[in-house]
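One-letter residues, chain by chain:
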Amino acid sequence: MSVFSNKTKQIELTRNRYPDLKKGPYADLTGQDVDYFSNLLPGRVLTDASDLEGSNTDWLGTCRGSSQLLLRPKTTDEVSKILEYCNGRKLAVVPQGGNTGLVGGSVPVFDEIIISTQLMNQIISLDDISGTLECQAGCVLAALDSYVSDSNLTMPLDLGAKGSCHIGGNLSTNAGGVRLLRYGSLHGSVLGLEAVLASGEIIDCKSTLRKDNTGYDLKQLFIGSEGTLGIITAVSILCPQKPKSVSVAFLGCESFETVLSIFKQAKHSLGEILLAFEFMDSASMDTVRDNLNLTSPVSEFPFYVLIETGGSDGKHDEEKLTAFLENQMSSGLISDGTVATESTKIANIWGLRERMAEGLMVDGYNYKYDVSLPLSKFYQLVDDMRDRVGGLATRVVGYGHVGDGNLHLNVTSPQYDEELMSLIEPFIYDWVSKYKGSISAEHGLGFKKRNFIYHSKSKSAVDLMKRMKLLMDPNGILNPYKLLPDN
Amino acid sequence: MSAYRVLVGCKRVIDYAVKIRVKPDKLGVVTDGVKHSMNPFDEIAIEEAIRLKEKKLASEVVAFSCGPTASQETLRTAMAMGADRAIHVEIDGKEAETLQPIHVAKLLSKVAQEEKIDIIMLGKQAIDDDCNQTAQMTASLLNWPQATFASKIENDNGSFKVTREIDGGLETIKVKLPAVISADLRLNEPRYATLPNIMKAKKKPLAKKKPSDYGVEVKAHQQVLKVEDPPVRQAGQKLETVEDLVVKLKDGGFV
C-alpha cells in the first residue's frame, strides 16, 4: 500500500485553496531565464511538468505549487550565481532539500523556482578526534550518520525523515527529533555554516571551532530561518560519541500521570545514559496497527512510553535500565513492557513511533500539529480536541517528545474538510497560547502556520524579524509566503 | 494425546545489523566489544516451541546453548520468551571459535537422550557460519526423521505435517515423532519478551554443564586459513545516451 499512490493527482493547488492569497511582486519565468540556467547548469535543469510534480508537492500531500523550473546546483558558487540572477530579475525561489517538511515550507505556493540541494551531497571532512564533520548542505542525514559511525560517532540529531532529509534543511528548520533530549538543539551542535544571500553574496561563517566568541554569531540567524534569510550551502557540525550499546524499553502506562512519573524517575535513575523519552497514546498505537500492520510488543494500554538508553559501557547501562524497570514494576508504576537490546527488535520498537506520520497519512488527509506545552497541561489538549471535533475526524492522536515538552497532535479525515479545519484552527493555537506554549515546537512555521506567529511571539519581536528580512532580502525573493505573517 | 518435551538450540552470534570487520591477522572477524544476540532463526525456533506449549502439545521447553559464559544471556532471553529451563554447555572462547556443527549435533543428541526429548527444534542455520548442518547431523546421529526449512507445522495425531520451503516452492511432508525440525524465516514472528517474563526468567533453572559431562569431545577438526573481505564493488558508470551505452558494451566485448 503506497502512501504516494493517490498523492499528486488529487491534491488541490495551494493557490486555489487560498484564493485570497495573491502572488507577490515577482517576475514571471521567461524562455530567456530558462536558457540562462540551462547554460549555467547543463543537464541539471528540470522543466517538464511531470518531473516537477514531486517537488511541487509536500510530503503530506497538503500543499501543491506550480513551479515550472527546478535547478540542481553542485557548488556554492552555482547557488550564488543563481541567486544573483534571480535577484536581478526579481524571480522568487524556494530552497528545497529532502522535501520532508511538514508545514509546507519546502514547496512553491505559486511558480517560485525550486533550488534543490540534491546534488550538493559531498562530505568535505571528518575530524575523528574533535568529532567535527564538514559537509555540503545536500547530504542526507542517514548517509551522514552511517559515514560518521565508522569513526564511532553519531549525528547529534535523529528524526523519522532521516532517510530523505538533507542536513541543510535540518539546519534551516532547526530540526529537533528524538535525540534532542540527549544532544541538545542544533543551535548548540552546529559549529559553523556557509550561506548565500538573496543578492548572491556568499556569507562564510564556516568554522570548526567549539568556542569562538568573535562578533555576532551569524550562523544562529540562518538556523531556523527556513530559507527566508539565505540558502545554507555548507555545514560544520559537532558529532558526539556513538553509544557503545543501546537498549530500548517500551512500557504500557495506565494514565498520563504515570507517564510523567516514569519520566521523573527515569531522569533520576538513568540520567546520563538517557537518549530518548517518547510517548504515544492508544489512538496512536491503533494507527500504526490498523494502517501499517505493525505489532505492539505489549498488551493494550491508554499510554505507552519508549525509553532509549545508551552509553560507553553496555553491561553497566543494561544493569541500570533493568534495575530501574524492576523498581518501577515492583512499585506498581508499570505493569507491562519489554526491553530490547538486539538491533532488529530495537528498530521494530522505534518503528512504532517513527512511522507514525506515515501511518496517519493512510487515513487520507492529516491535520498535523506540533506544540510545546507545560507538562501539567500536556495531554489535556488532546482530550479537548477529541471532544471538539467529534465524529468529523477519523481519529485524533497524541504522541511525541514528552521529554522535551513537545506534543505531536494529529487529526485525520478521508479528505480535506473545511468544516473540520475550522473546528481545529484557530482553537488549537488559542489553546496553546493561553498556556504560553509554542504553536510550533520543531516543525517551523513554513506556509501553514505563518499567520499564527503572534500566538507565540510578541509584536516587537516579529517587527524586528521583518526588518531583518528586509535588510537581508530587500526584494523578498527567498521563500516568500513562508515563516513571516502576511499582515 | 501426549504432550511433547521440546529441546531448542540457540546460538549467540554477532548481531545481524552489525558491520562485520575482518581481524588484522585475517584469521577471523572482530568479536570483542561487538554487539551479540540470539541467532534470528533460533528465535523463531524458540517461538514455535512456546506456541506448541500454548497449544498444549508440548509440556516443557528446554533451551540449549553451547559456547562461552556469555551464551547464558542468550538462554535468559529464551527463558524470557517462555522456555521453562535452560542447559548451558560451557565451551571457552578458543574452543568455541573452532566449534563445528558436528560437535553441537553430538551434544544435542546426547542431551536429547538424557532429557527424553520428543522434538528438537533448531534454527535452519546460524548467521555467522551459514552452515545449515546441525539439524541434519543431529537427526542422523539419533536416527530420527528430519523436517528442515519448516515454514509451517501442524499437528497430525502423533506425527507432524510440516511445510518446507524448497527451491521449487513448498513441500509438505509428514514426520513421525520424535523428530528434528529446523525453522525457516516465515515459520512465525517471534514475540517480544515482556518485563514480567524477563524478571521471572532470572529465577528459572539454568544448568551449567561441560562437554565431558556428555562424553563429547570438541577438539578442532578444521583450521581457518584465511578470512577476507569480499572484493570491493566497482562504481557504476552513468552514461548520457544510448549510443554511449552501445559503445561501452562493444568495448567490453558484451555485444
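What you see is a predicted model, and the numbers here were worked out from it, not measured in a lab.

## A word on the overall build of chain B
Each helix and strand counted, chain B has 7 helices and 11 strands in total. For chain B, the C-alpha atoms occupy an extent of roughly 70 × 45 × 40 Å along the three principal directions. Looking at chain B as a whole, 43% of its 255 residues are labelled buried. Long-range pairs, those at least 24 residues apart, make up 70% of the contacts in chain B with a sequence separation of at least 6. Entry remark: accessible area of chain B is about 14,100 Å², with carbon and sulfur atoms responsible for 51%. Here chain B holds 39 positive side-chain charges and 36 negative ones, and the gap between their average locations is 5 Å.

## Observations concerning the UniProt feature "domain: FAD-binding PCMH-type" (unreviewed entry) in chain A
Mapped onto this numbering, the UniProt entry gives "domain: FAD-binding PCMH-type" (unreviewed entry) at residues 63-242 of chain A. Here residues 63-242 of chain A runs as 23% helix and 22% strand, with 37 Å between its end C-alpha atoms.

## Focus: the pattern of salt bridges
One pass over the structure, following the stated rule, counts 45 salt bridges over all chains. Across the salt bridge formed by Lys-162 of chain A and Asp-158 of chain A, the nearest N and O atoms sit 3.0 Å from each other. Here Glu-228 of chain B ties to Lys-226 of chain B by a salt bridge, and the two come within 3.6 Å at their closest N and O atoms. Exposure remark for Lys-226 of chain B: the relative accessible area of 56% places this residue in the exposed category.

## Quick look at the interface of chain B and chain A
Bring the parts together and some accessible area is lost; that lost area is often taken as the interface size. Chain B puts 19 residues into the contact, and the matching count from chain A is 24 residues. Note on chain B versus chain A: buried area summed over both sides is about 1,800 Å², and carbon and sulfur give 54% of it. The tally of links from chain B across to chain A stands at 8 residue pairs in polar contact (both at pLDDT 80 or more). No other element matches the 4 residues that helix H6 (residues 195-201) of chain B contributes to the side of chain B that touches chain A. For the side of chain B that touches chain A, the per-class residue count stands at 8 nonpolar, 2 polar and 9 charged.

## Remarks on a nonpolar patch on the surface
Residues and elements named next belong to chain B. On the surface, Leu-239, Leu-245, Leu-249, Phe-254 and Val-255 cluster together to form a nonpolar patch covering roughly 490 Å² of accessible area. Here Leu-239 is to be found in the loop between strand E11 (206-209) and helix H7 (242-251). Residue classification places Leu-239 among the partly exposed residues on the basis of a relative accessible area of 33%.

## Describing the sheet that holds strand E15 (residues 395-400) of chain A
All names here are of chain A. Strands sit in the order E13-E10-E12-E11-E15-E16-E14 across an open sheet of 7 strands; the sheet is antiparallel. The two strands at the open ends of the sheet, each matched to only one other strand, are strand E13 (336-340) and strand E14 (365-372). Strand after strand, the sheet turns through a mean of 15° between neighbouring axes, direction not considered. Across 5 bridges, E15 lies against strand E16 (residues 406-413) in antiparallel orientation. Bridging across to E16, Val-397 finds its partner in Asn-410. Of the strands in this sheet, strand E10 (245-253), strand E11 (274-281) and strand E12 (303-311) are in contact with helix H11 (residues 256-270), which crosses E11 at around 175°. Where helix H12 (residues 282-292) meets the sheet, it contacts E10, E11, E12 and E15, and its direction lies at approximately 105° from that of E15.

What counts and what doesn't
Residues numbered from 1 in each chain as written. Chains lettered and ligands numbered in written order. Predicted model: local features only at pLDDT ≥ 70, side-chain atom pairs only at ≥ 80, totals over all residues. Heavy atoms only, no water. Helix = DSSP H or I, 4+ residues; strand = E, 2+ residues; numbered from the N terminus. Buried < 20%, exposed > 50% of the residue type's maximum accessible area, 1.4 Å probe, protein only. Contact = heavy atoms within 4.5 Å. Areas by Shrake-Rupley, 256 points an atom, 1.4 Å probe, with all protein chains shown as cover. Lys, Arg positive; Asp, Glu negative; His and termini not counted. Charge placed at Lys NZ, Arg CZ, Asp CG, Glu CD. UniProt positions renumbered as here; feature names shortened; annotations may be inferred. Salt bridge = Lys/Arg side-chain N within 4 Å of Asp/Glu carboxyl O. Buried area = accessible area lost by both parts, 1.4 Å probe. Polar contact = N/O pair within 3.5 Å; in protein donor to acceptor, adjacent residues only side chain to side chain. Nonpolar A, V, L, I, M, F, W, Y, C, P; charged D, E, K, R; others polar. Patch = residues over 30% accessible without salt bridge, like charges linked within 9 Å, V, L, I, M, F, W, Y side chains within 5 Å. Pairing = 2+ DSSP bridges. Axes fitted to C-alpha atoms, helices over the stretch in contact; angles between N-to-C directions.

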